[in-house]
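The residues making up each chain are set out below.
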Amino acid sequence: MAVTAPRRLRARGYSARARAADLHAQPQLGQVYVRSLVRNQLRLALGVLAVLAAVLGGLPAAFALLPGLRTADVLGVRLAWLLLGVVAYPLLVGAAFFHVRHAERVERDFTDLLAGPDTPPAGGEAERR
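Structural notes, computed from the coordinates.

Conventions used here
- In every chain, residue numbers begin from 1 and rise along the written sequence.
- The model is predicted, so local features are restricted to residues of pLDDT at least 70 and side-chain atom pairs to those at 80 or more, both for listing and for counting; the totals for chains, interfaces and linings are taken over all residues.
- As a rule here, side-chain values come from all non-hydrogen atoms in the structure, and water together with hydrogens is ignored.
- Only DSSP runs of H or I covering at least 4 residues are called helices, and only runs of E covering at least 2 are called strands; the numbering of each starts at the N terminus.
- Think of it in three bands: with a 1.4 Å probe and only protein chains considered, a residue is buried below 20% of the maximum accessible area for its type, exposed above 50%, and partly exposed in between.
- In what follows, residue pairs with any heavy atoms lying within 4.5 Å of each other are defined as contacts.
- Each accessible area value is a Shrake-Rupley result obtained with a 1.4 Å probe; residue values ignore everything except the protein chains displayed when judging cover.
- To form a nonpolar core, buried Ala, Val, Leu, Ile, Met, Phe, Trp, Tyr and Cys residues must be joined to one another through side-chain atoms within 4.5 Å.
- Any Lys or Arg side-chain nitrogen found within 4 Å of a carboxyl oxygen on Asp or Glu counts as a salt bridge.
- What a helix should span is 1.5 Å times the count of its residues minus one.
- We define the bend at any residue as the angle between the axes fitted to the seven residues before and including it, ending there, and the seven starting there.
- Axis angles are defined between N-to-C directions and span 0 to 180 degrees, where every axis is a line fitted to C-alpha atoms and, for a helix, only to the segment in contact.
- Throughout, the term roughly parallel applies to angles under 35 degrees, roughly antiparallel to angles over 145, roughly perpendicular to angles from 65 to 115, and oblique to all others.
- Residues are sorted three ways: Asp, Glu, Lys and Arg are charged, Ala, Val, Leu, Ile, Met, Phe, Trp, Tyr, Cys and Pro are nonpolar, and all the rest, Gly among them, are polar.
- Each patch is built from residues that are more than 30% exposed by relative accessible area and take part in no salt bridge. Like charges join if they lie within 9 Å; nonpolar side chains (Val, Leu, Ile, Met, Phe, Trp, Tyr) join within 5 Å.

## A word on the overall build of the protein chain
Piece 1. Along the backbone of the protein chain there are five helices and two strands.
Piece 2. Sequence-ordered secondary structure for the protein chain, helices as α and strands as β, is α-α-α-β-β-α-α.
Piece 3. Across the 129 residues in the protein chain, those meeting the buried criterion constitute 17%.
Piece 4. Pairs at least 24 apart in sequence give 62% of the contacts found in the protein chain among residues at least 6 apart.
Piece 5. Carbon and sulfur atoms make up 65% of the accessible area of the protein chain, which totals about 10,100 Å².

Right, here's the structure in full:
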């Protein structure tokens, strides 16, 4: 048995994947979807912020609690200056890159959800080439 074409008829009933046009007809469903998108974006942003606050905020706390770190030298440069003045910037760039990639993934998943099962996903093979 060979499958030659996708099934065109969908079963009648509730579908969790509503099209964008259906959201105007069902404003409560649209509110649920948008609230979910905003919640996911907020969770991602707060997670990245918490990691940055723990790492960058933890450095001054570590220097205050461990006085030996304040006077430690690496290649003739104080460790505190090296960590706060040099290492912090690549960390911020990496966190920003991580946040943007994952925020775009959340948005792409949201638009794929709205597109429905009949359309190909936005991150398909044709778009990657």
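## Observations concerning the nonpolar core
Piece 1. Residues Leu 29, Tyr 33, Leu 37, Val 106, Phe 110 and Leu 114 constitute the largest nonpolar core, which totals six residues.
Piece 2. Counting only elements with at least two residues in this core, the list comes to helix 2 (27-65) and helix 4 (79-115).
Piece 3. Membership of the second largest hydrophobic core comes to five residues, among which are Val 48, Leu 52, Ala 95 and Ala 103.

## Some remarks on the pattern of salt bridges
Piece 1. Taken as a whole and judged by the stated rule, the model has one salt bridge.
Piece 2. Two residues, Arg 78 and Asp 73, come together in a salt bridge whose shortest N-O distance is 3.4 Å.
Piece 3. Judged by its relative accessible area of 51%, Asp 73 falls in the exposed class.

## Regarding helix 4
Piece 1. Over its 37 residues, helix 4 extends 52 Å from the first C-alpha to the last, a length consistent with the 54 Å expected when each residue adds 1.5 Å.
Piece 2. At Ala 88, helix 4 shows its maximal bend, which comes to roughly 40°, and the proline Pro 90 appears one to four places after that position.
Piece 3. Buried within helix 4 are the following residues: Leu 79, Ala 80, Ala 88, Ala 95, Ala 103, Val 106, Phe 110, Asp 112 and Leu 114.

## Side note on the packing of helix 2 against helix 4
Piece 1. Close contact between helix 2 and helix 4 brings their axes to 10 Å; oriented N to C, the two are set at 170°. On the basis of the axis angle, helix 2 is roughly antiparallel to helix 4.
Piece 2. Partitioned by chemical class, the residues of the contact of helix 2 with helix 4 number 25 nonpolar, four polar and one charged.

## Quick look at a nonpolar patch on the surface
Piece 1. Taken together, the side chains of Leu 42, Leu 46 and Leu 49 define a hydrophobic patch exposed on the protein surface, amounting to about 300 Å² of accessible area.
Piece 2. Secondary-structure assignment places Leu 46 in helix 2.
Piece 3. Taking the relative accessible area as the measure of exposure, Leu 46 reaches 48% and is therefore partly exposed.

## Re the environment of Ala 103
Piece 1. Note on placement: Ala 103 falls in helix 4.
Piece 2. Linking Ala 103 and Gln 41, residues 62 residues apart in sequence, is a C-alpha distance of 6.4 Å.

## Looking at helix 2
Piece 1. With 39 residues, helix 2 should reach 57 Å at 1.5 Å per residue; the first-to-last C-alpha distance of 54 Å fits that figure.
Piece 2. Turning to helix 2, its buried residues are Leu 29, Gly 30, Tyr 33, Leu 37, Gln 41, Leu 44, Val 48, Leu 52, Leu 59 and Phe 63.

## Topic: unusual backbone geometry
Piece 1. Although it is not a glycine, Leu 75 adopts a positive phi angle of roughly 55°.
Piece 2. Inspection of the secondary structure puts Leu 75 in the loop between strand 1 (73-74) and strand 2 (77-78).
Piece 3. For Leu 75, a relative accessible area of 86% gives the class exposed.

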